[in-house]
Amino acid sequence: ADGARVPVLVIGTGYGGSVAALRLAQAGVDVHMVEMGMAWDTPGPDGKIFCNTREPDYRSYWLRTRTKAPLNYFLGLPIDRDIPRHTGILDAEEFGGITVYQGRGVGGGSLVNGGMAVTPRRENFGAVLPSVNADEMYGVYYPRANAELGVGVVDPAWFDSTACYQYARVGRKHAQRSGFPFVFVPDVYDWDYMEREAAGTVTRSALAGEILYGNNHGKRSLQQTYLARARATGRVAISPLHRVTSVAPAAGGRYTVVIEQIGTTGAVTAVKNVTADRVFFAAGSVGTSKLLVRLKATGALPGLNGEVGRGWGDNGNVMCGRANHMWDPTGALQSAIPCCGIDNWAAGGAFAEVAPLPTGIETYASFYLSITNNPNRAQFSWNASAGKVELNWQAAWKQASITMAKTIFDKINSREGTIYRTDLFGVYKIWGDHLTYHPLGGAVLNRATDNYGRLTAYPGLYVIDGALIPGNTTVNPFVTITALAERNIEKIIATDL
Ligand code: FAD
């Protein structure tokens, strides 16, 4: 409520925010979480909370009047459609050179993502978070994060026989015939549930094209894990459809937080001022960076250091499809949850996930999301005349990612006698190089903050999300975001409270 005073206010309910809320509450601290997206706990007129990828409706996108599907063409035809403007679940946020996809709602990215829960290879960790003790991370915090998130791996015997992973077995065969290491990718999806989906004994989710706009069953989002346990402490309150617009010092070492309440069309319905002893920025890489850069430039937090807004990367995301021969069908039924990848990081700087094309029809296509070692880093800055934060990522910087992804797919195409699909991202366009699912950085650990996420110029202000990670995790990022948050909050609770 307007005028309230809280011990801890957490901005955002994604991985970083959920870890902070649970651990602080367990330490006996009352926490208030503020989330700009919806609660996603109430079914729509069709009885479902979330819509699927084949019929995106008002629930699909954050305040857009037309869908902006990551895979926006099929057979060279645009597939986007008009939708009512609504506080939907997936934000396709457009900057000059890149579209950044993000989850909106209680649970953040865990609502929309593929659930792929990958711990980086230990030998790569020094490049991911150079100032963090790897022994502690691999001995304590990665195992803790994996256990709390409910990470598991597909049963290899079932994988070998189920129709819904025909596409992944084709991916494996082609990878292995070209001599690439093939790996199973762990996921937070309930694998027993998926087996029952395939057996026809439960309502389908992954097998009904659900991903991107939410899963009605099967996926362990943060709503089922960290946030459920945080709520069970009785010390955590969550305000959905509330957006933080300002944080500034107040009397007594506290902070005044300005919060806009919004309706489902995006209109502001109320503005509230809350006083907090401590504030955790957990609005995601983009959300946290935009807030900090604007608050520094406009005088609310002028003491933030010059590293704020820097070190942003796209985790080297790039997508492509391959056209298979008629004797390599990938299956009309495809699980929307990927379960395997091709690891060519050491030799070629690319880790490619074998991704589904859950169209419901046979496409003879293999589809991949590659994470690459793209070295480019962008900066957020405040454009005073436009009144907004901009990101200086250049579209041409994706060429580095394409070159690395080609170390895998040029070889496979040459071995198999196949070609790239040119109809998935436009008319004769091979590479999905206009987007990222994995924004990272903007308030990098040990640069914009101290080595535990403290914004040291302002005691009681912390960053605890993907903004801390300097642009790349070598694999999908949320396990690393979670494990780093576990490490940092343990230190903060022990020394600051
Ligand atoms: P987020 O999870 O983004 O949470 C931030 C929250 O803060 C959001 O809920 C947002 O609405 C809220 N917020 C922002 N600004 C404000 C504000 N001013 N006031 C109030 N609230 C605010 N990663 C993987 O590891 N594996 C995958 O399989 C995977 N697949 C993905 C698929 C898609 C389509 C997408 C979009 C992402 C995927 N990711 C995946 C990435 C992963 O989801 C993110 O890295 C992760 O969610 C980031 O966690 P976070 O805690 O930094 O922030």
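In case you missed it, the structure is sitting above this.
Here the structure is a predicted model, which is why all the values come from computation and not from measurement.

### A few points about the overall build of the protein chain
Looking only at helices and strands, the protein chain features eleven helices and 20 strands. Relative to the globule expectation of 23 Å for 497 residues, the C-alpha radius of gyration of the protein chain, 22 Å, shows essentially globular dimensions. Considering only contacts in the protein chain between residues 6 or more positions apart, those separated by 24 or more positions represent 71%. Accessible surface computed for the protein chain: about 17700 Å², of which carbon and sulfur atoms make up 52%. Computing the positive centroid from 46 side-chain charges and the negative centroid from 42, the protein chain places the two 2 Å apart.

### Observations regarding the pattern of salt bridges
Per the stated rule, a full pass over the model turns up 29 salt bridges. With a shortest N-O distance of 3.3 Å, R5 and D277 are connected by a salt bridge. One end of the pair, R5, is in strand 1 (residues 5–11); the other, D277, is in strand 11 (residues 268–281), with 272 residues separating them in the sequence. Using a relative accessible area of 26% as the deciding quantity, one classes D277 as partly exposed.

### Considering the sheet that holds strand 5 (residues 90–94)
Through backbone hydrogen bonds, the strands of a sheet pair up, either in parallel or in antiparallel fashion. In spatial order, the strands read 5-6-19; together these three strands make up an open sheet with mixed pairing. Because the sheet does not close on itself, it has two edges, and the strands there are strand 5 and strand 19 (435–436). Of the pairings in the sheet, the one linking strand 5 to strand 6 (residues 99–103) comprises five bridges and is antiparallel in character. Counterpart to E93 in the pairing with strand 6 is V100.

### Points about the side chain of S335
Mapped onto the elements, S335 comes out in the loop between strand 12 (318–323) and strand 13 (340–344). A relative accessible area of 0% means that S335 is categorised as buried. In terms of polar contacts, S335 uses its side chain to reach the side chain of Y165, at 3.2 Å.

### Some points on the site of the ligand
Close contacts around the ligand come from 37 residues, with E35, G109, M116, G466 and F478 the closest. Measuring from a nitrogen atom of the ligand, one finds a backbone N or O atom of V244 at 3.0 Å. At 3.2 Å from an oxygen atom of the ligand is found a main-chain nitrogen or oxygen belonging to P477. When the ligand sits alone it has 1000 Å² of accessible area, and the protein chains cover 95% of it. Put simply, the parts of the chain that give the shell around the ligand at least two residues each are helix 1 (15–26), strand 6, strand 9 (242–249), helix 8 (284–297) and helix 11 (478–496). For the shell around the ligand, a count of residues per class yields 16 nonpolar, 17 polar and four charged.

### Side note on unusual backbone geometry
For W40, which is not glycine, the phi dihedral falls at a positive 55°. Mapped onto the fold, W40 is located in the loop between strand 2 (31–34) and strand 3 (73–74). Residue classification places W40 among the buried residues on the basis of a relative accessible area of 5%. Phi at L212 takes a positive value of approximately 75°, unusual for a residue other than glycine. Within the element layout of this structure, L212 appears in the loop between helix 6 (191–199) and helix 7 (226–232). Look at L212 and you get buried, because its relative accessible area is 18%.

What counts and what doesn't
Residues numbered from 1 in each chain as written. Predicted model: local features only at pLDDT ≥ 70, side-chain atom pairs only at ≥ 80, totals over all residues. Heavy atoms only, no water. Helix = DSSP H or I, 4+ residues; strand = E, 2+ residues; numbered from the N terminus. Rg over C-alpha atoms; globule rule 2.2 N^0.38 Å. Contact = heavy atoms within 4.5 Å. Areas by Shrake-Rupley, 256 points an atom, 1.4 Å probe, with all protein chains shown as cover. Lys, Arg positive; Asp, Glu negative; His and termini not counted. Charge placed at Lys NZ, Arg CZ, Asp CG, Glu CD. Salt bridge = Lys/Arg side-chain N within 4 Å of Asp/Glu carboxyl O. Buried < 20%, exposed > 50% of the residue type's maximum accessible area, 1.4 Å probe, protein only. Pairing = 2+ DSSP bridges. Polar contact = N/O pair within 3.5 Å; in protein donor to acceptor, adjacent residues only side chain to side chain. Near = heavy atom within 4 Å. Nonpolar A, V, L, I, M, F, W, Y, C, P; charged D, E, K, R; others polar.

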